[in-house]
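# A structural walkthrough
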Amino acid sequence: MALDEGSRSCLLRVRHRLEQDIKPSYIMDHMISDGVMTVDEEEKIRTQETRKDQAVALLELILRKDNRAYISFYNALIKETYDDLASLLHADLPRTSPTAYKSFPDGCTPYVQVVLSEGGVPQRPVVFVSRPELSNKVREKLYRLQKEPGWVTIYGMAGSGKSVLASEAVRHHSLIEECFPGGIHWLSIGQVEKPDLLVKIQSLCFRLEQGLDSQLLHRPPNSLDEAKERLRFLILRRYPRCLLILDDIWDSAVLKAFDINCRIMLTTRNRSLTDSVSGAKYEVEVESGLDEKKGLEILALYTNSKIHGLPEEARSIVKECKGSPLVVSLIGALLKEKPNRWRYYLAQLRQKQFKRIRKSSSYDYDALDQAMAASIEVLPEEHRELYKDLTVLEKDVKVPAKVLSILWDLPIEEVEDILEEFANKSLLFVDLNNKPYLYYLHDLQLDFLVEQNRNEIESLHTKVVHQYQQFYKNGHPTSGDEESLYWIRFLTDHMAKANLTQELYSLMFSLEWVTIKSQVMSPAHLINDYIAHGPILDKENSEVRSQFQEFLSLNGHQLEHRPDVVQLALSEPHTSEVYRQACMQALERSSRGKLYFDWLNKKCVESLSLLVIHPHQGSLYSACFSHDGAKIASCGASKTLKVFKSTSGEKLIELQAHDDEVLCCAFSPDDQLIATCSSDRKVKIWNVERSMLIRVFEEEHEEQVNHCQFTNTAHRLLLATCSNDKFLNVKLWNLNKPSSQNTMFGHFEPVNHCCFSPDDAIVSTSSNDGTVKLFQVSSANEWKTINVKALFDADEEVLVKCSTWTADGKRIACAARNTVWIFDVETANMVFEIRTNRLSMVQFCQACNSSNLLAIAYSNYGVELWDLESNKKMADCNGHLSWVQRLQFSPDGSQLLSCSDDQTIRLWETKKVYTSSAVSLKRDSDVIFSDEEIIVSAADYCNRLQVRHGRKGQVLFQSEEKSSRIRCTCLCSQLSTVALGQEDGTVEVRVNSYVTKLCKLTMIWFKYYYYIIAYIL
């Protein structure tokens, strides 16, 4: 369709004026966004040498196009504030019948474009992403103005997209036709003084008078009162059913000039502005950020890319600014010009260098910091100072008014009123789901405050600490409410940032503080404190810091059950500051009748664990390190998947993973994914960062899936799984495919374990059929079979529980019954074996991928470390109270992880653990207290009877290993005789002088060995 003659003539008449004034580069951005100009056409115009030559070429192009191009050009002039030039084109805008375009699916017909153009409504931004849910909310409010005047307020923080949303909401044919046939008129206000406001209303009146007879035109109004009356007359008499949109309102006094009983929509950062005017009022809040998909869509449009083709920095940018439309658009516009600066602008955002993230659009502020500052400048001076105090808050932390009442030293009621004012001005957000309400800042607001007050950070935190100390001078809060939780959680951080080192030492080297914080919060937060503030604390006393941190690391799982912390601390070594303080508190409390026990022979006990975590209720079946060593994932009978910090045990993620017990979990090589498998026969893939399920494989395994593991590198990412299926029990999965890539055939019994060789070329599988099979990953063909069953007696049932590759990939170890066998991979010959006593079974074994260490878990709950080069045991790791189900070394080999049916995960330092000089004793024991002597008898895990000195721990007697399991033991009260009962009914009684070696007195056989104990007693 050609351009209307009237429009063509008008354009030719004013062509010279347009060529002199317009900047084509800005105009063309809008026309490309409207779809009336191509990028190639833009490039052709840009090749012209001068701005004027570009303007000439642009007008030549418009004259060759249709009415849509003329309308888009007119709208672009308004958008770029060429109001005088736009007025020259206004009278000859193409006229379009509203009824001819009702078939447009989005309602944005040419009729709508004309109506909005006449009213000065801005066109869509050059890069536009729809927010349909919000647009529909605004339209729903606007429909309420159909029958009566009123106000619709769109409010939100700076840069949240309020203006774009307002213009988009009215870009709707039915809305205009049914509710506002008198037109829609846009007026940008901003922070204006009275003279400037008068000029804006004069401009609006002039626009409304354009269609009137020249004899009815009046001189411009000379005062605000006169302007208000002129506007009232024009709207009520000439445009009774029009909508007036006031963009960016800051002051309620401005609204009074428009309080003329008409239909108005306004955008503002202050939701309370309409309290001062009359009429029906409706509100729509604009969320501060876009979701990740929308944010990425904006960046993709600016950089002319597909979302999936964006670099990883794109997702980080959206996450860092929490999807702020302003920030994403500013950075997107910069990247359009400098497409190789993704990492640079992400760094600027992370470093809060807002001044370097400057606009290349028509937003009112040159940079993000100016937009933030404008909101704060309208506050009264005393409130600006109070708002500055919020610089000390942490990101994503919500605080109750009581905390700020203490900080500001003001009554709670006054504080609530101030916070309401901040919230109304979109300087603060309120969580209304809590009682009392909780308040928090957007990340960008907090970043701005930190940047603005960088030189006052220390003094601001000092104020927080001093106000707290003044208010709680009689003791720390322990109520457990939101206010108490805030202080207990963040007081140490405030002290550290205030450089109040002595206060920090006194607090964190206090067992009283440990007691309070462990009762109010999880022990993991305490451990994090000692790690985070370790450099400061070590300047005072690194040994004491280490003692407190070790106490928490090894006892955190018990602190969760709220025991008496003093009694627990009395188990620490006598040289520990923790023990010293516990002893003082115990003595003080004992004077009031409290009973405490002191552990006398603790010197003979070495602490081997680095950290103990109690992540689940119920047995733990699997736990694993992330490949960067920073996280631990765990799963088990609770049906959940959890992820923790490996340094403190602080929970990061908790997911209801499966409908039945979760048997295994594994990180992908880049740590972005976790795979889980379960007794519910499903394999699931989870995104770690977003804590969401991204894929489920549930069709192919027909029995429980026992184990899963990713390849060691992401070069060709695959997942191996094995199950209790009869035949199709080992599978390889490509995560981009809906079904398995390959199935390995060879086992006809359940497969318990599978793992990749270090180079990912081979998968080893361990089965109940007594074999370990090696399959080629590329072809899924069986390469070798290692017949472990052949190494045992023919009538023995041999279940191979697991297999593990050495770091060089030349040997493979597998666990069956009470032995770990090490085989040469190339020849499949057995190299050597590691055998435990016949009463213990090997539960699991794991080779370290960075050393020669091999970890072995036994059914006696113990874990051993062996050197595969020397075939020598290097260390005992004792501490679990039930079967250890899984072992794994950290990526650098410095730590060993073990998880157990006792519901705990233990971390062991592989270089610090040692080989025990005594074997751990079992629970079935007897003890005699005689004067100062304490004598203990018990069976050890090698099924030998031991008699020990209770105070010193020294072995007084140790029997030979018994053929039948020792089930009970008893000491004579005269300390001369000891008896033991065995599972086969044998009872043995021995006489002992405890000076010379015990001799065997007699051997008596009983059918029921329990009776002999009563006889001796």
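The structure displayed is predicted, hence computed values, not measured ones. (Residues numbered from 1 in each chain as written. Predicted model: local features only at pLDDT ≥ 70, side-chain atom pairs only at ≥ 80, totals over all residues. Heavy atoms only, no water.)

So, on to the overall build of the protein chain. Helix and strand counts for the protein chain stand at 32 helices and 44 strands. Rg of the C-alpha trace for the protein chain: 38 Å, well past the compact-globule value of 31 Å for 1017 residues, more than 25% over. If you line up the protein chain on its principal axes, its C-alpha atoms span 135 × 75 × 50 Å. Looking at the 1017 residues of the protein chain, the share that counts as buried comes to 54%. Of the roughly 45900 Å² that the protein chain leaves accessible, carbon and sulfur atoms contribute 47%. Side chains of the protein chain give 119 positive and 137 negative charges; the mean places of these two sets differ by 2 Å. (Helix = DSSP H or I, 4+ residues; strand = E, 2+ residues; numbered from the N terminus. Rg over C-alpha atoms; globule rule 2.2 N^0.38 Å. Buried < 20%, exposed > 50% of the residue type's maximum accessible area, 1.4 Å probe, protein only. Areas by Shrake-Rupley, 256 points an atom, 1.4 Å probe, with all protein chains shown as cover. Lys, Arg positive; Asp, Glu negative; His and termini not counted. Charge placed at Lys NZ, Arg CZ, Asp CG, Glu CD.)

What follows deals with the pairing of strand β14 (residues 662-667). With 6 of its 6 residues buried, β14 lies for the most part within the structure. Note: β14 against strand β15 (residues 673-678), 5 bridges, orientation antiparallel. Paired with Phe667 across the strands is Ile674, a residue of β15. Counted along the chain from β14 to the antiparallel partner β15, the turn is 5 residues long, and its residue Asp671 has a positive phi close to 65 degrees. (Pairing = 2+ DSSP bridges.)

It is worth spelling out a negative patch on the surface at this point. There is a patch of like negative charges on the surface, built from Asp275, Glu413, Glu414, Glu416, Asp417 and Glu420. For Glu416, the position within the fold is in helix α22 (residues 412-424). (Patch = residues over 30% accessible without salt bridge, like charges linked within 9 Å, V, L, I, M, F, W, Y side chains within 5 Å. Salt bridge = Lys/Arg side-chain N within 4 Å of Asp/Glu carboxyl O.)

Together, Phe727, Leu728, Phe745 and Phe748 line one region of the surface with nonpolar side chains, adding up to about 430 Å² of accessible area. Positionally, Leu728 belongs in the loop between β19 (719-723) and β20 (730-733). For Leu728, a relative accessible area of 38% puts it in the partly exposed group.

In this section: the packing of aromatic side chains. Going through the model one piece at a time under the given rule, you end up with 14 aromatic pairs. With 6.2 Å between their ring centres and 10 degrees between their planes, Tyr530 and Phe548 make a pair best called stacked. One end of the pair, Tyr530, is in helix α28 (residues 523-532); the other, Phe548, is in helix α29 (residues 534-559), and 18 residues separate them in sequence. According to the relative accessible area criterion, Tyr530 is buried, its value standing at 0%. For the pair Phe792 and Trp821, a centre-to-centre distance of 5.5 Å together with 80 degrees between the ring planes defines the contact as edge-to-face. Taken together, the positions of Phe792 in the loop between β25 (782-787) and β26 (800-805) and Trp821 in strand β28 (residues 819-824) put the pair 29 residues apart, joining distant regions of the chain. Across the pair, exposure class does not vary: Phe792 and Trp821 are buried alike. Sitting over the ring of Tyr344, Arg341 keeps its end group 5.7 Å from the ring centre. We note Lys398 situated over the ring of Tyr440; from NZ or CZ to the ring centre the distance is 5.1 Å. (Phe/Tyr/Trp six-rings, centres within 6.5 Å; stacked < 30°, edge-to-face > 60°. Lys NZ or Arg CZ within 6 Å of the ring centre and 35° of its normal.)

What follows concerns the side chain of Glu168. The residue Glu168 is located in helix α10 (residues 162-169) in this model. Residue Glu168 is classed as buried on the basis of its relative accessible area, which comes to 9%. When sequence neighbours within four positions are dropped, the list of residues in contact with Glu168 reads Arg124, Phe128, Ser135 and Arg139. (Contact = heavy atoms within 4.5 Å.)

With that settled, the discussion passes to helix α5 (residues 51-63). With 13 residues, α5 should cover 18 Å at 1.5 Å per step; its first-to-last C-alpha distance of 19 Å lies within 8% of that length. Every buried residue of α5 is listed here: Gln54, Ala55, Leu58, Leu59, Leu61, Ile62 and Leu63. Taken together, the buried residues of α5 touch α1 (5-13), α2 (15-21), α3 (24-33), α4 (39-46) and α6 (67-79). (Expected span 1.5 Å × (residues − 1).)

Evaluation of the coordinates by the stated rule reveals 52 salt bridges. Linking Asp447 and Lys395 is a salt bridge whose minimum nitrogen-to-oxygen distance equals 3.0 Å. In this pair, Asp447 sits in helix α23 (residues 443-452) while Lys395 sits in the loop between α20 (381-388) and β6 (399-400), placing the two residues 52 residues apart along the sequence. Accessibility expressed as a relative area gives 4% for Asp447, which makes it buried. The shortest N-O distance in the salt bridge between Glu988 and Lys962 comes to 2.8 Å.

Where α6 meets helix α8 (residues 110-118), the closest approach of the two axes is 10 Å, and the angle between their N-to-C directions is 30 degrees. The orientation of α6 with respect to α8, classified from their angle, is roughly parallel. Between α6 and α8 lies a crossing of left-handed hand. On α8, the residues touching Ile71, Tyr74, Asn75 and Ile78 of α6 are Gln113, Val114, Ser117 and Glu118. Looking at side-chain class alone, the contact of α6 with α8 contains 4 nonpolar, 3 polar and 1 charged residues. (Axes fitted to C-alpha atoms, helices over the stretch in contact; angles between N-to-C directions. Parallel < 35°, antiparallel > 145°, perpendicular 65-115°, else oblique. Left-handed = near helix turned anticlockwise from the far one by under 90°. Nonpolar A, V, L, I, M, F, W, Y, C, P; charged D, E, K, R; others polar.)

Another aspect to go through is the nonpolar core. Counting 109 residues, the largest nonpolar core has Tyr387, Leu390, Trp408, Leu419, Phe422 and Phe551 as its most contacted members. Setting aside residues no more than four positions away along its own chain, Phe422 makes contact with Leu379, His383, Tyr387, Leu390, Trp408, Leu427 and Leu428. Of all hydrophobic cores here, the second largest spans 32 residues; its members include Ile27, Ile71, Tyr74 and Leu85. (Core = buried A, V, L, I, M, F, W, Y, C linked by side-chain atoms within 4.5 Å.)

With respect to the secondary-structure elements, Ser405 resides in helix α21 (residues 401-408). The class for Ser405 is buried, based on a relative accessible area of 11%. Those residues within four positions of Ser405 in sequence are excluded, and the remaining contacts are Leu410, Pro411, Ile412 and Val415.

In spatial order, the strands read β6-β8-β7; together these 3 strands make up an open sheet with antiparallel pairing. Only two strands of the sheet have a single neighbouring strand rather than two, namely β6 and β7 (429-431). Judged from the 3 bridges that link them, β7 and strand β8 (residues 438-440) form a sheet pairing that is antiparallel. Its bridge partner being in β8, Phe429 is matched across the sheet by Tyr440.

This part is about the confidence of the model for the protein chain. Mean pLDDT over the protein chain works out to 85, with 91% of the residues at or above the 70 mark. Below a pLDDT of 50 lies the segment residues 97-105, which in the model reaches 13 contacts outside its immediate sequence neighbourhood of four places, other chains included. (pLDDT = per-residue confidence, 0-100.)

Right, let's talk about the sheet that holds strand β5 (residues 280-285) for a bit. Across the sheet, 5 strands lie side by side as β2-β3-β4-β1-β5; this open sheet has parallel pairing. Strand pairing shows two members of the sheet lacking a second neighbour, β2 (184-188) and β5, which therefore form its edges. The average undirected angle you get between the axes of adjacent strands in this sheet is 20 degrees. In this fold helix α9 (residues 132-143) packs onto β1 (150-155), β3 (243-249), β4 (263-268) and β5, with an angle of close to 180 degrees to the strand it touches most, β5. Sitting on the sheet, helix α12 (residues 194-208) touches β2 and β3, and the angle it makes with β2 is about 160 degrees.

What follows deals with the packing of helix α26 (residues 501-508) against α29. Relative orientation of the contacting elements α26 and α29 amounts to 5 degrees, with a least axis distance of 11 Å. The orientation of α26 with respect to α29, classified from their angle, is roughly parallel. Here Thr501, Gln502, Leu504, Tyr505 and Met508 of α26 lie close against α29, whose contacting residues are Ile536, Leu537, Lys539, Glu540 and Phe548. The residue makeup of the contact of α26 with α29, split by class, is 6 nonpolar, 2 polar and 2 charged.

Another point: the environment of Cys802. Locating Cys802 in the fold gives a position in strand β26. Here the alpha-carbon distance between Cys802 and Gln846, two residues 44 residues apart in the chain, equals 8.6 Å. Ignoring sequence-local partners within four residues, the contact set of Cys802 consists of His753, Ser766, Ala813, Cys814, Ala815, Phe844 and Cys845.

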